[in-house]
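Breakdown of the fold
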Number of protein chains: 2
Amino acid sequence: MLSKKTKYGLKALTYLASVDSKEPVQIAEIAKHENISQKFLESILLTLRRNGFLGSKKGKGGGYYLIKKPEEIQMTSVMRVLEGPIAMVPCVSLNFYEKCDDCPDENKCAVHKLMIQVRDSALKVYRNNTLADLIK
Amino acid sequence: MLSKKTKYGLKALTYLASVDSKEPVQIAEIAKHENISQKFLESILLTLRRNGFLGSKKGKGGGYYLIKKPEEIQMTSVMRVLEGPIAMVPCVSLNFYEKCDDCPDENKCAVHKLMIQVRDSALKVYRNNTLADLIK
DNA sequence: CTTTTATCCTATCGTTTTAGTAGATTTTAA
DNA sequence: TTAAAATCTACTAAAACGATAGGATAAAAG
C-alpha cells in the first residue's frame, strides 16, 4: 500500500508544478486544493524541502516552491524519499540492501527471484516518469 | 514492503513444490527447513488451504500438500491471497477497487496515472511467473 | 478403545507504523 | 509592531504486524 504521506506528497508536488508560479505557494492553499489535512501536509513538505525538492520562504507572502524543473524530477527519487525503498524486500534493494537472516542462500531463494523482477519493473516505470509527465 | 506472511507463504509453497512428494509434508518440517516460526506458519498454511492452494491431512502421517501442479499456480493469485491487492492504491485496483474520497477526478490525478503503470508492470511479472518458474 | 500425532481454531498480545494533532517558536513583510 | 507564514518538538489514537497460547478435532497405531 502506498502511504498517505507519499500520496499527499506527490499531489503537492504536482500541484506546485501545475501552478508554475514564481511566487511561493502556501501550505494552506495546497492543503485546501488537494483535500489534505494541513498539519499533516506541513510535515510532508518539510521532508520534501530537506531532501532538496522544495524551497521555502517564511513570513507573509511565504510558502513553498519547486527548486528544480518538473522535467528534472524523477519519480525514483521522489518515491525513495517519501515511501522508502522501491524493492519489496531489503535483500533485493539497490539503495537499502540488507541480507535476510532467515535465508541461507539468496540465489536459491524463490522470493528473491520474484522480487528482483518486481523491483526492476517498478524501477522502469519510475525512471520513465518525471513530474512533468504526470501533469500532462 | 512484503509482509513476512507473504514471504513465508511463498517459501512454504516453493518447498512443497520442490519436495514433490505424494505424501503430505508436516508443518514442523517446513518451518524448520525455511527457518520460520512454526505457529506463525500454521496460520499461513491455513489460509493457503482455505483459498484452494493446499490440501491437508490430519493425524499421524498428516501434513500439507499442493492441490495443483506448480505450473498451474500463478503468482497473481498467490499474491492476492497472501498480500492483498497488487495495486498500491485502491483506486487502481482491479479486484479491490475503491474510490478515493479526497480525489474529485481520477482521470486528472497524477497519483492515479503513475500507479496504473506500476500496477500493470507488477501484474505482468506476476502473470509471467508460476510456482514452477520459481523453483527452477 | 486409548494414546499419540498432527492439523484446526480462537483469542490474545506486544511492538511498530501510520496518520495525524497540539502548541510554541521563528522569520518576514507590511 | 503586528500579522502571516513556515518551523520544530512532542504527543496520541488507531491499525497492522508478527507472532504466541491453549484447547479442539481428527486420524492412525497399538
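Rules used throughout
Residues numbered from 1 in each chain as written. Chains lettered and ligands numbered in written order. Predicted model: local features only at pLDDT ≥ 70, side-chain atom pairs only at ≥ 80, totals over all residues. Heavy atoms only, no water. Least-squares fit on C-alpha atoms with pLDDT ≥ 70 in both. Contact = heavy atoms within 4.5 Å. Helix = DSSP H or I, 4+ residues; strand = E, 2+ residues; numbered from the N terminus. Expected span 1.5 Å × (residues − 1). Buried < 20%, exposed > 50% of the residue type's maximum accessible area, 1.4 Å probe, protein only. Arc of directions from axis to C-beta. Buried area = accessible area lost by both parts, 1.4 Å probe. Salt bridge = Lys/Arg side-chain N within 4 Å of Asp/Glu carboxyl O. Polar contact = N/O pair within 3.5 Å; in protein donor to acceptor, adjacent residues only side chain to side chain. Pairing = 2+ DSSP bridges. Near = heavy atom within 4 Å.

Let us look at the relation of the copies chain B and chain A. Think of it as a corkscrew move, a rotation about one axis and a shift along it, taking one chain copy to the other. With an RMSD of 0.0 Å, the fit of chain B onto chain A corresponds to turning through 180° and sliding 0.0 Å along the axis. The transformation just described matches what one would write down for a two-fold rotation axis. Minimal C-alpha separation from the rotation axis in chain B is found for Ser121(B), amounting to 2.8 Å. Counting the interface residues of chain B, we find that 100% of their copies in chain A are interface residues as well, pointing to one common contact surface.

It is worth spelling out helix α3 (residues 38–50) of chain A at this point. Residue and element names in this part refer to chain A. Over its 13 residues, α3 runs 18 Å from end to end, which matches the ideal 18 Å to within 8%, given 1.5 Å per residue. The set of residues buried in α3 consists of Leu 41, Ile 44, Leu 45 and Leu 48. Looking down the long axis of α3, one finds its buried residues gathered within 100° of arc, a one-sided arrangement. Exposed side of α3, more than 90 degrees from the buried face: Lys 39 and Arg 50 are the residues found there. On its buried side, α3 packs onto α1 (4–19), α2 (27–34), β1 (54–57), β2 (63–66) and α4 (75–82). A positive phi of about 85° marks Gly 52, the residue just after α3.

With that settled, the discussion passes to the interface of chain B and chain A. Each partner contributes to the interface: chain B provides 35 residues, whereas chain A provides 35 residues. When residues of chain B are sorted by the area they lose upon contact with chain A, Met88(B), Asp102(B) and Leu114(B) head the list and together hold 20% of the total. If you look at where chain B meets chain A, you find four salt bridges. A salt bridge links Asp102(A) to Lys11(B), with the nearest nitrogen and oxygen atoms 3.4 Å apart. Remark: the boundary between chain B and chain A carries 15 residue pairs in polar contact (both at pLDDT 80 or more).

Regular strands have side chains that alternate between both faces of the sheet. Residues and elements named next belong to chain A. As defined by bridge partners, β1 adjoins β2 across four bridges and the pair is classed as antiparallel. Each bridged residue has a counterpart across the sheet, and for Ser 56 the counterpart in β2 is Tyr 64. Between β1 and β2, which follow one another and run antiparallel, lie five residues, and Gly 59 among them has a positive phi close to 75°.

Attention now goes to the protein's contact with DNA strand C. Around DNA strand C there are 25 residues in total, and Lys39(A), Ile27(B), Arg49(B), Ser56(B) and Tyr64(B) lie nearest to it. Those atoms of DNA strand C that come within 4 Å of the protein belong to sugar or phosphate at a rate of 74%. A distance of 3.5 Å is found between a phosphate oxygen of DNA strand C and a side-chain nitrogen or oxygen belonging to Tyr8(A). Contact between DNA strand C and Ser37(A): a phosphate oxygen at 3.0 Å from a side-chain N or O atom of the residue. Only α1 and α3 of chain A together with α3 (38–50), β1 (54–57) and β2 (63–66) of chain B provide two or more residues apiece to the surface near DNA strand C. At five residues, α3(B) tops the list of elements feeding residues into the surface near DNA strand C.

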